[in-house]
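Here are the chains, one letter per residue:
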Amino acid sequence: QVQLVESGGGLVQAGGSLRLSCAASGGPFSMYTLGWFRRAPGKEREFVAAISETRISPYYADSVKGRFTISRDNAKKTVYLQMNSLKPEDTAVYYCAVRPASSYEYVYWGQGTQVTVSS
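The residue numbering used here restarts from 1 in each chain and proceeds along that chain's sequence as written. Where totals are concerned, whole chains, interfaces and linings use all residues; where local detail is concerned, this predicted model gives features only for residues with pLDDT of at least 70, and gives and counts side-chain atom pairs only at 80 or more. With hydrogens and water stripped out, all remaining heavy atoms of the structure feed into the side-chain values.

## Notes on the pattern of salt bridges
Argument step 1. Any Lys or Arg side-chain nitrogen located within 4 Å of an Asp or Glu carboxyl oxygen qualifies as a salt bridge. All chains considered together, the criterion is met by 4 salt bridges.
Argument step 2. Note that aspartate 90 and arginine 38 form a salt bridge whose closest N and O atoms lie 2.9 Å from each other. Pair noted here: aspartate 90 is in the loop between strand E8 (78-83) and strand E9 (92-99) and arginine 38 is in strand E4 (residues 33-39), with a separation of 52 residues, a long-range link.
Argument step 3. Looking at arginine 38, the relative accessible area reads 5%, which means it is buried.
Argument step 4. Across the salt bridge formed by aspartate 62 and lysine 65, the nearest N and O atoms sit 3.1 Å from each other.
Argument step 5. On the accessibility criterion, aspartate 62 (65% relative accessible area) is exposed.
Argument step 6. Burial classification: accessible surface area is computed with a 1.4 Å probe over protein chains only, and a residue below 20% of its type maximum counts as buried, one above 50% as exposed, and the rest as partly exposed. Among the residues examined, lysine 65 registers a relative accessible area of 48% and is labelled partly exposed.
Argument step 7. Salt bridges here are not isolated pairs; linked through shared partners, they connect Arg38, Glu46, Arg67 and Asp90. Each helix is a run of DSSP H or I of at least 4 residues and each strand a run of E of at least 2, with the numbering of both proceeding from the N terminus.

Here it is, written out as structure tokens:
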């Protein structure tokens, strides 16, 4: 069982930056693919970014490419999402998630952290 706790959300003006963190407990963290997703009000949850256990070629949704950066610190069992040049449309609850090597799906999810970008 893996527990995930996100932090770092908040209110920021358009053009500003935030750094989200997601601390994990339990499981072989270094072997997981880690992802960030978000759910905006009235919309479906959508993929934001992911990073594999090898850290090679993190991948991003087109809507955040060039503005967001995902990274991981296996020693701290933490995944980060650096968000720059924030836009009002980035307003959402952000969730981190874990995909074990044996799964094609993200199995473990955090409780989410709210990001609000004002115009």
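## Concerning the state of the cysteines
Argument step 1. When the sulfur atoms of two cysteines come within 2.5 Å, that pair is taken as a disulfide. This model, assessed by the stated rule, comprises 1 disulfide.
Argument step 2. Here cysteine 22 is linked by a disulfide to cysteine 96, with a sulfur-sulfur distance of 1.9 Å. Its torsion about the S-S bond being 45 degrees, the disulfide of cysteine 22 and cysteine 96 is classed as right-handed. With cysteine 22 in strand E3 (residues 18-25) and cysteine 96 in strand E9, the pair connects residues that are 74 residues apart, well separated along the chain. For the pair shown, cysteine 22 and cysteine 96 are each scored as buried.

## Some thoughts on the sheet that holds E8
Argument step 1. Two strands are said to pair when DSSP picks up at least two bridges between them. Spatial strand order, E1-E3-E8-E7: 4 strands in an open sheet with antiparallel pairing. Each end of this open sheet is capped by a strand with a single partner; those strands are strand E1 (3-7) and strand E7 (68-73). Between one strand axis and the next, the sheet turns by 15 degrees as a mean value, whatever way the strands run.
Argument step 2. Note: E7 against E8, 6 bridges, orientation antiparallel. Residue pairing across strands places threonine 69 opposite glutamine 82, the latter belonging to E8. Only the contacting stretch of a helix is used when fitting its axis, a line to C-alpha atoms as for every element, and angles between N-to-C directions run 0 to 180 degrees.

Read these as spatial facts, not as claims about activity.
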